[in-house]
Amino acid sequence: MPVMNSAYNGRQPNEFKVLTELEGIPNSRSLEVYKKHGGYAALEKILKGKMSQEEVINIVKASGLRGRGGAGFPTGMKWGFVPKGEGEKYLITNFDEGEPGTYKDRYIAELNAHMLIEGKLIAAYAIGASKSYIYLRGEFYDEIAWCEQAIKEAYAAGYLGDNVMGTGFKHHMDVYIGAGAYICGEETGLISSLEGKKGQPKLKPPFPAVKGYLGKPTIVNNVETLAVVPWIIRNGAEAYKKFGTEKSAGTKLFNISGPVVRPGCYELPLGYPLKRFIYEDCGGLIGGKKLKAVIPGGASAPVLTAAEVETMTMDYEAFAAAGSMLGSGAVIVIPEDVSMVEVLENLMHFFKDESCGQCTPCREGTGWLLKMSRGILQGEGQPGDEKKIAEVAGKMMGRTICTFSDAAAGPARSIPQKFAHEFLEYYKKKSSAHGQG
Amino acid sequence: MSNQVTLSINNQSVTVPAGSTIMDAAQKAGVSVPHFCWHPGLSIAGVCRFCMVKVEGMPKLQIACNTPASEGMKVDTVSDEVKETHKWALEFHLINHPLDCPICDQAGECELQNYYMKVGKYQSQMEDQKVLKPKALDVGDTLVLDTERCILCSRCVRFEDEVTKTSTLGIFNRGDQATIGTYPDRKIKHNYSYNLADICPVGAFTAKDFRFKCRVWFLKETKTVCPGCSTGCNVNLFQNSNQREYYRLKPRHNADVNGHWMCDTGRTMYEHLNASARLASPLLSGQSISSAAALQAVADAVKGLSADKVALVLTAQYTNEEYAGVLSSLKTVLKGTPKVFVWRDESEKADDFDGILFRGDRNPNTRGMMDVLKEHAIQPTMLKGDFSALAGTSPEVTVVMGPEIEAGYPNLQKALSRFSEMKKAVYFGNSLTDAAKKFWLRVPVKTFAEKSGTFVNFNGVAQKLKANPPVFTNVKAVDEYFAEVGKLAHTAG
Amino acid sequence: MASFFSTQLNEQIKGFLGRYETKRSSILPILHAIQDENDWISPEAVQALEAEHGLSVIDVNEVLSFYTMYRKAPPKPYRLEVCGSISCWLNGADKTISEAKQYIAQAEKSGKPIPFECHKVECLGVCGYAPVALVNKDRHLNVTPELARKLMDEYSKKELPAAAKKCAADLAARAAHK
């Protein structure tokens, strides 16, 4: 299979390189290249410099790093929830990357999986875990191979094992391969899957930092979150905070999809203007089409209209203020000639297929939302159906074990609300069809 | 730190042990919070999302079953917001439910139906085609499964995993295709299967033994004790009182005895209660006679005998009051204590225990019987496969108080044949077996459902039976008969 | 008694059984391994996991039925799995899927069937290069209807994958047995 080009794609050189430093460098995936660019220096600094666990956690806290998987929870704070002291603890990397529109974590593995492994070692040291897993989605055959290769190299180089870099720190790492279930990207669904079960999210409390994998304290972090940690340790929290905004520190991998001229994975500082990203960095829409809407953070993020995109910046707070979310940084571009009712139906199909089926409102609600939106497309809709979709979606929110139900409700509420007129056209089609008959 | 917390639910204060949930506190306070998946005898699943309550200070509603109760917490279960949430939770449960109540045996005791009447009663908004799933599956000797009626509360799966540890059930597929089931062609095979029908909040699991037999609203329940083994599970016995027909038993919660469950063997304890399974009137040498004549025959037989010429064979299936009554009547008549034997089945392994409830001692009142005998300073002789001790005493009259539950006596026929060979063998019991027919005199007795009295379980817990009117009005309890015999013998003497 | 699994597969299974903290965690990797060798996971394989390796059929079947990558029926030698989720759909995935299915049906009709089946799947996680598709384990990007046809032609000319051959042989043996 062809290895994807770096997503550099003509973007002007700039100063944003934290995760993408190895872009365009030959043989970038090798351990040698990684080391030449400062690889494993952060781990050495921590282990040989005998930094305490608290010191490491404090640096990550000070950097303002927030979880890059979608929820945006402060990473250092999350690590701090793990009970101190003896006892088995686990660190798991969420490499399930299933949120439609998202393909950034695989890009990190394509560049160099050692970034992730070093980040994992640092996190494991900080929380006191001697065992960690990388949970990869099963369809990522190449990415699995890259991670396995890097783990093998890390063992051979003494970065993994019973005596890491001769410092007495013990850490073992393994991969675990999923088998086709979006819900395994939810951290407790992922833990269930790693336990060899259906990937059904677990009831909270207890939270995984206290009782996770096999009932032991467990931290689940996204690939991007962990991969950036070595840079932060090497360069310091202040250097990282120079990128981004006050509440959204650092850079982020943005992945754009839909009909744009230069799709790809771009590292940009948080707070970057969305319009500039779409039109300048990515070259705008194919064929010069006009923009209708943008789903800014993966399929579960509420949709933004073209008008909202005009002034939007890409950070946690700006998206939240607009009623949407940064999510995984997956920007999905919808052109003018695509029906939003069809978009809704496509998204509802996804959520219906991927609901784990555990909680009643989600299991029953996702199927119901699909049936209603499909009905409208098939000309069976009637005025008010779009409101009913939004209402049912609203009743699914905040009432389930995990946030999948809220994710499904994101588009199911925002599309009928922001594009109600497009639904009306389908109802009209129905009445005119009846008129002919 | 205090090990009690006090919170308020709908402004009503309630104190519970630390570590309790809001649901526990609500139960204690007598506040009903609607729920499907929560069951006090099982782990918490938190999947039905029905038991939502408002907790002051928390932005979202919380599920009562998994939210820890804390000091000073203010919980609301009745506000409009909560009610609206309950209504929607119910709607989500109902949209793919077949609503086949008219042909469903659960109707009348279905939690879905009950809650619909309580918090629902609205026109469903769901107009689309429902999801179709397998129906009327044969999942074992005792149960039928309708997966379309199932609301996936997972109570049955947890019961299999946690109580019987048989793990026969799983939930397969995902999303709205998720379906409960066994592995293809494998059946539920354990002695607690009817509990699955009990805990199923809807009509997904129904009991083969009860399907299509009777609508539940015709049944009247009696709170009594299971006579099936020495555990003495607390039960509700269901009778259609118009027909005088018994239909089933269900467990009644008692934390000290049986928790929430009972075994399938216990569930059969209604079968021998109905008229068709019982001896209706006394038989003297095979000829039907009146009770008065039968008792006269007993009185005549024992009259004038010395106590050691009368053998009394007991089984541990009668109440303390019955043993005491029989012994004191006989003592008076005989002016001494008869020879007392205790008959145990030769295959019995009394100390066996299945780890859940069912015990090898298939008699409900071994402890109570031994206590009464002790009070009367009687050292009984055991008859367990070897009957020579009885024959050796050459009694003129042998009175056998036979087992009401014959299933606990697999070698019943053999033993009864031996007893019936004795001179003037009198059998108290309802047995219709061939071996019973050989007795000189047979007298039917009241069953556990028809008498009040005490059983003492294996652990020394004394429990009262509750009497329903007898199926045959002429039939009395064994102690009542002996009181009569005493009078007759006295008069005659 | 002969094992249901090949010697090599049994070794793999044993490796997985000892690799994780609990035996149960090995269910997912074991099912992948069985599928890699047999092309699908038959009920007999599930029962053999219980009989030979002590994994509960309920646990295994729950996992098998929950995850979409496991094939519960014998497949065609090649599976063209096209992502139909939002990004790929925006870039024409539906057309790729319908035309690919048509191509397979036409080949069947013309008496020269190709060893392919085509499915719509949910997001494959490479959304920038939509439509994305897998042919068995090979990922292909920007899969237009034309590319889909080309891929099907190319793979059809190759020697069948080992798993497909084993699957066909197993089914033939089973039919002969009946």
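In this text the structure is predicted, and so the values were computed from the model without any measurement.

Next up on the list: the overall build of chain A. Each helix and strand in chain A was counted, giving 19 helices and 12 strands. Its C-alpha atoms give chain A a radius of gyration of 22 Å, near enough to 22 Å, the size a compact globule of 437 residues would have. Its C-alpha atoms give chain A principal-axis dimensions of about 80 × 50 × 40 Å. Burial status across chain A gives 59% buried among its 437 residues.

If you tally the helices and strands in chain B, you get 12 helices and 23 strands. By its C-alpha atoms, chain B is 85 × 55 × 40 Å across when sized along the principal axes.

Across the boundary between the two partners, chain B contributes 25 residues, which contact 25 residues of chain A. Per-element accounting of the side of chain B that touches chain A gives the leading share, five residues, to helix α2 (residues 80-94) of chain B. Per-class residue counts for the side of chain B that touches chain A are 13 nonpolar, seven polar and five charged.

Further remarks concern the sheet that holds strand β4 (residues 138-140) of chain C. Hydrogen bonds along the backbone pair up the strands of a sheet, which may run parallel or antiparallel. Residue and element names in this part refer to chain C. Pairing is mixed in the open sheet, where four strands are placed in the order β2-β1-β3-β4. In this open sheet, the two strands that pair with only one neighbour each are β2 (116-121) and β4. Between one strand axis and the next, the sheet turns through 20° on average, direction left out of account. Of the pairings in the sheet, the one linking strand β1 (residues 78-83) to β2 comprises six bridges and is parallel in character. Paired with R79 across the strands is E117, a residue of β2. In the packing of helix α6 (residues 93-109) onto the sheet, the strands contacted are β1 and β2, and the crossing angle to β2 comes to about 160°.

In this section: the environment of A:K292. Residues and elements named next belong to chain A. Note that K292 resides in strand β9 (residues 291-295). With 21 C-beta atoms packed within 10 Å, K292 lands in the buried category. Along the backbone, K292 and A306 are 14 residues apart, and their C-alpha atoms lie at a distance of 5.2 Å. Setting aside its immediate chain neighbours within four residues, K292 contacts A306, I334, P335, E336 and V338.

Let us look at the sheet that holds strand β7 (residues 264-269) of chain A. Residues and elements named next belong to chain A. Read from one edge of the open sheet, five strands run β7-β6-β12-β9-β10, paired in mixed fashion. Whereas interior strands pair on both sides, the edge strands pair on one side only; in this sheet they are β7 and β10 (304-305). Relative to β10, β9 is paired through two bridges, and the arrangement is antiparallel. Residue pairing for β10: A293 is matched across the bridge by T305.

Moving on, we come to the pairing of strand β6 (residues 251-257) of chain A. All names here are of chain A. Of all seven residues that make up β6, seven are buried, and the element is covered over most of its length. Judged by which residues are buried, β6 turns out to be covered on both faces: T251, L253, N255 and S257 on one side and K252, F254 and I256 on the other are all buried. The pairing of β6 with β7 spans six bridges and is classified as antiparallel. By the bridge assignment, F254 is partnered in β7 with Y266. Where β6 hands over to β7, the hairpin turn is made up of six residues, of which G258 adopts a positive phi near 95°.

Moving on, we get to the packing of helix α2 (residues 27-38) of chain C against helix α4 (residues 57-66) of chain C. All names here are of chain C. Where α2 meets α4, the axes come as close as 10 Å, and the angle between the chain directions of the two elements is 70°. Taken together, the axes of α2 and α4 lie roughly perpendicular to each other. Both α2 and α4 take part in a crossing whose hand is right-handed. The residues of α4 that touch α2, namely those facing I27, L28 and L31, are D59, V60, V63 and L64. Partitioned by chemical class, the residues of the contact of α2 with α4 number six nonpolar, no polar and one charged.

All names here are of chain A. Taking 1.5 Å per residue, 15 residues should reach 21 Å; helix α18 (residues 404-418) reaches 22 Å between its end C-alpha atoms and fits that length. Burial of α18 is extensive: 12 of the 15 residues sit out of reach of the surface. F404, S405, A407, A408, A409, G410, P411, A412, R413, S414, I415 and P416 are the residues of α18 that are buried.

Facing the 36 residues of chain C at the interface are 46 residues of chain A. Listing elements by their share of the side of chain C that touches chain A, those giving two or more residues are α2, α4, α5 (86-90) and β4 of chain C. Among the elements that make up the side of chain C that touches chain A, the one with the highest residue count is α2(C) (five residues). For the side of chain C that touches chain A, the per-class residue count stands at 19 nonpolar, 10 polar and seven charged.

All names here are of chain C. With respect to the helices and strands, A51 occurs in helix α3 (residues 43-53). Among the residues examined, A51 registers 14 C-beta atoms within 10 Å and is labelled partly exposed. On a C-alpha basis, the gap between A51 and T96 in space is 43 Å, while along the polypeptide they are 45 residues apart.

Before going further, it helps to examine the packing of helix α3 (residues 53-63) of chain A against helix α6 (residues 114-127) of chain A. Residues and elements named next belong to chain A. Relative orientation of the contacting elements α3 and α6 amounts to 125°, with a least axis distance of 8 Å. Taken together, the axis directions place α3 and α6 in an arrangement best described as oblique. Crossing of α3 against α6: the hand is left-handed. Residues Q53, V56 and I57 of α3 pack against I122, Y125 and A126 of α6. Here the residues of the contact of α3 with α6 sort into five nonpolar, one polar and no charged.

For the rest of this paragraph, the subject is unusual backbone geometry. Each neighbour pair has its own omega, and for A:K204 with A:P205 the value is -5°, a cis peptide bond. Mapping A:P205 onto the fold places it in the loop between α8 (187-194) and β5 (218-222).

On to the confidence of the model for chain B, then. Averaged over all residues, the pLDDT of chain B equals 93, while 98% of them reach at least 70. If you check the scores for this complex, the pTM reads 0.93 and the ipTM reads 0.97.

Residues and elements named next belong to chain B. Locating M23 in the fold gives a position in helix α1 (residues 22-29). For M23, a count of 22 C-beta atoms within 10 Å translates into the label buried. In this structure the C-alpha to C-alpha distance between M23 and G336, which are 313 residues apart in sequence, comes to 60 Å. Every residue in contact with M23, bar those within four places of it in the chain, is listed here: V33, W38, C51, A64 and C65.

Parameters at a glance
Every chain is numbered independently, its residues counted from 1 as its sequence is written. Just so you know, chain letters begin at A and ligand numbers begin at 1, following the order they were written in. Residue-level local features of this predicted model are given only where pLDDT is at least 70; pairs of side-chain atoms are given and counted only at 80 or more, and the full residue set underlies all totals for whole chains, interfaces and linings. Numbering goes from the N terminus for both helices and strands, where a helix is a DSSP run of H or I of at least four residues and a strand is a run of E of at least two. The globule rule used for comparison is 2.2 Å times the number of residues to the exponent 0.38, while the radius of gyration itself is calculated over C-alpha atoms. Exposure in this text rests on C-beta crowding, where 20 or more other C-beta atoms within 10 Å of a residue's own make it buried, 12 or fewer make it exposed, and counts in between make it partly exposed. The C-beta atoms are placed from the backbone. Contact between two residues is assigned when their C-beta atoms, built from the backbone, lie within 7 Å. Lys, Arg, Asp and Glu make up the charged group, whereas Ala, Val, Leu, Ile, Met, Phe, Trp, Tyr, Cys and Pro make up the nonpolar group; the residues left over, Gly among them, are polar. Two strands qualify as a pair provided that DSSP identifies no fewer than 2 bridges between them. Every axis in this analysis is a line fitted to C-alpha atoms, fitted for helices over the stretch in contact. Angles between the N-to-C directions lie between 0 and 180 degrees. By definition in this entry, angles of less than 35 degrees are roughly parallel, angles greater than 145 are roughly antiparallel, angles of 65 to 115 are roughly perpendicular, and the rest are oblique. Put simply, a crossing is left-handed when the front helix is turned counterclockwise from the back one by less than a right angle, and right-handed when it is turned clockwise. Residue count minus one, scaled by 1.5 Å, sets the expected span of a helix. A residue's pLDDT is the predictor's confidence in that residue, given on a scale from 0 to 100.

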